[in-house]
Amino acid sequence: LRIRRSVLEGRSGDGQGLAWILTDVTQQDLASRSRDQFLMTATHELRTPLGNLQAYAEALQLEEDLEVEQQKEFCNVIVSEANRLGRLVDQLLTVGQMEAGSMVAVRNELEMLPMVQYSWDQMTATAEKKSQSLLTDFAAKLPTVFGDREKLQAALVNLVGNAVKYTPDGGEIIVRCGHDDEWIRVSVQDNGPGIPADEQSKVFDKFYRGSNTVDLDERGNGLGLAFTREVARMHGGDIDLESTIGEGSTFTMRLPVGGQSRSGI
Ligand code: ADP
């Protein structure tokens, strides 16, 4: 069975339903240069998961002789693309709220490990495709955090996703989770290309994409780490980066035990 290319590549009307989101975000006080770039990358990024959703759903709808296994596989693609789209839309909205200083978060008492596990699960298929080892080192028991599940999960998916994305085939990624009296720490270590010293503080800026993306056939919009740092900070935590060119990078997100919030989320 072949999915029609025209469908996979998307059609001109694909982004219409999401126009309100872009309009909403861009009404915020974005600098015009950033806004142009934002619109370009956002539209580009939304088109891929939308195109895939449409193609696989249409295949399920129109193809009458699909095996049960194929149907299942298509449903899996649909669920994972819908998740990806959801994360993307959430990040776009969050960036708009970050700009306006009005980030909204729901707060709940949350178990940390299932959220870390979720981020790991989301990336295992991609890591497998790249023959990467995706390892975990989780403390047996962790204190709870007080926070926004969706945002924390999306932040963790970004960190693990970046490690998988930027580390070449055959690389190794270790996700660690531990705590002391004050902080819960989740770190994602990879043995990828590393980040040059003069770029290490910039990677957390909105829309910033590093020099290591130039020769890489990987998409991105430079929002992931800006979003992730904002989420850590809104929970009263932060994120650190240690990286050496040619050796790899370790991003460590820390969140306060018990979840003191910075700004009354
Ligand atoms: P994006 O991945 O969409 O470019 P991010 O905000 O997630 O945006 O990351 C910003 C930049 O930081 C990336 O463009 C890349 O240069 C660099 N980067 C992030 N994570 C890693 C990593 N694990 N290894 C190497 N470089 C990374």
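That block above? That's the structure.
Residues numbered from 1 in each chain as written. Predicted model: local features only at pLDDT ≥ 70, side-chain atom pairs only at ≥ 80, totals over all residues. Heavy atoms only, no water.

Turning next to the side chain of N162. As for its position among the elements, N162 is in helix 6 (residues 149–166). Accessibility expressed as a relative area gives 19% for N162, which makes it buried. Discounting chain neighbours no more than four positions away, the residues touching N162 are T167 and L225. (Helix = DSSP H or I, 4+ residues; strand = E, 2+ residues; numbered from the N terminus. Buried < 20%, exposed > 50% of the residue type's maximum accessible area, 1.4 Å probe, protein only. Contact = heavy atoms within 4.5 Å.)

Inspection of the entire model under this criterion finds two aromatic pairs. Consider the rings of Y56 and F74, whose centres lie 5.1 Å apart with planes at 85 degrees: the pair is edge-to-face. Of this pair, Y56 sits in helix 3 (residues 32–62) while F74 sits in helix 4 (residues 68–100), placing them 18 residues apart in sequence. In this structure, Y56 and F74 share a single accessibility class: buried. Measuring from centroid to centroid gives 6.2 Å for F204 and F251, while their planes differ by 75 degrees, and the two rings are edge-to-face. Linking F204 in the loop between strand 5 (183–190) and helix 7 (224–234) with F251 in strand 7 (residues 248–256), this pair joins segments that are 47 residues apart in sequence. (Phe/Tyr/Trp six-rings, centres within 6.5 Å; stacked < 30°, edge-to-face > 60°.)

Residues in contact with the ligand amount to 20 residues; listed here are only the nearest, Y166, D190, R209, N212 and N221. Burial of the ligand by the surrounding chains reaches 98%, relative to a free accessible area of 530 Å². Counting only elements with at least two residues in the shell around the ligand, the list comes to helix 6, helix 7 and strand 7. For the shell around the ligand, the element with the most residues is helix 6, which contributes four residues. Looking at the shell around the ligand residue by residue, the class counts come to eight nonpolar, nine polar and three charged. (Near = heavy atom within 4 Å. Areas by Shrake-Rupley, 256 points an atom, 1.4 Å probe, with all protein chains shown as cover. Nonpolar A, V, L, I, M, F, W, Y, C, P; charged D, E, K, R; others polar.)

Time to look at the nonpolar core. Within the largest apolar cluster, 53 residues are counted, with the highest numbers of intra-cluster contacts made by M112, L134, V145, L152, V175, F251 and M253. When residues of this core are assigned to their parent elements, the largest contribution, nine residues, is made by helix 6. Discounting chain neighbours no more than four positions away, the residues touching F251 are L159, V186, S187, V188, I195, F204, L225, I239, D240 and L241. Of all hydrophobic cores here, the second largest spans five residues; its members include A55, Y56, A59 and F74. (Core = buried A, V, L, I, M, F, W, Y, C linked by side-chain atoms within 4.5 Å.)

Let us now look at helix 5 (residues 112–129). For helix 5, built from 18 residues, the straight-helix expectation of 26 Å at 1.5 Å per residue is met to within 8% by its first-to-last C-alpha distance of 27 Å. Of all the bends in helix 5, the greatest, near 40 degrees, is centred on M123. Those residues of helix 5 that fall on the buried side of the exposure criterion are M112, M115, V116, S119, W120, M123 and A127. Of the residues trailing helix 5, S131 is marked for its positive phi of about 50 degrees. (Expected span 1.5 Å × (residues − 1). Bend = angle between axes of the 7 residues up to and from the residue.)

Judged by side-chain charge, E63, E64, D65 and E67 come together as a negatively charged surface patch. Position of D65 relative to the elements: it lies in the loop between helix 3 and helix 4. (Patch = residues over 30% accessible without salt bridge, like charges linked within 9 Å, V, L, I, M, F, W, Y side chains within 5 Å. Salt bridge = Lys/Arg side-chain N within 4 Å of Asp/Glu carboxyl O. Lys, Arg positive; Asp, Glu negative; His and termini not counted. Charge placed at Lys NZ, Arg CZ, Asp CG, Glu CD.)

Moving on, we get to the packing of helix 5 against helix 6. Describing two packed helices takes the angle between their axes plus the distance from one axis to the other. At their nearest, the axes of helix 5 and helix 6 sit 9 Å apart, and the two run at 40 degrees to each other. By crossing handedness, the relation of helix 5 to helix 6 is classed as right-handed. Listed contacts from helix 6 to M112, M115, V116, Y118, S119, Q122, M123, T126 and A127 of helix 5 are R149, L152, Q153, L156, V157, V160, G161 and V164. When grouped by side-chain class, the residues that make up the contact of helix 5 with helix 6 number eleven nonpolar, five polar and one charged. (Axes fitted to C-alpha atoms, helices over the stretch in contact; angles between N-to-C directions. Left-handed = near helix turned anticlockwise from the far one by under 90°.)

Oppositely charged side chains may form a pair once their charged atoms are brought near each other. Summed over the entire model, instances satisfying the criterion amount to seven salt bridges. Here E81 and R84 are joined by a salt bridge, their closest N and O atoms 3.3 Å apart. One end of the pair is E81 and the other is R84, both in helix 4 and three residues apart, which spans about a single turn. For R84, a relative accessible area of 30% corresponds to the partly exposed category. For D240, the salt bridge identified is with R254, shortest N-O distance 3.2 Å. Separated by 14 residues along the polypeptide, D240 in strand 6 (residues 238–244) and R254 in strand 7 bring together distant segments of the chain.

Relative to strand 7, strand 6 runs antiparallel, the two sharing seven bridges. Among the inter-strand pairings, E242 is bridged to a residue of strand 7, identified as T250. Here strand 6 folds back onto strand 7, and the loop between the two strands holds three residues, one of which, G246, carries a positive phi near 85 degrees. (Pairing = 2+ DSSP bridges.)

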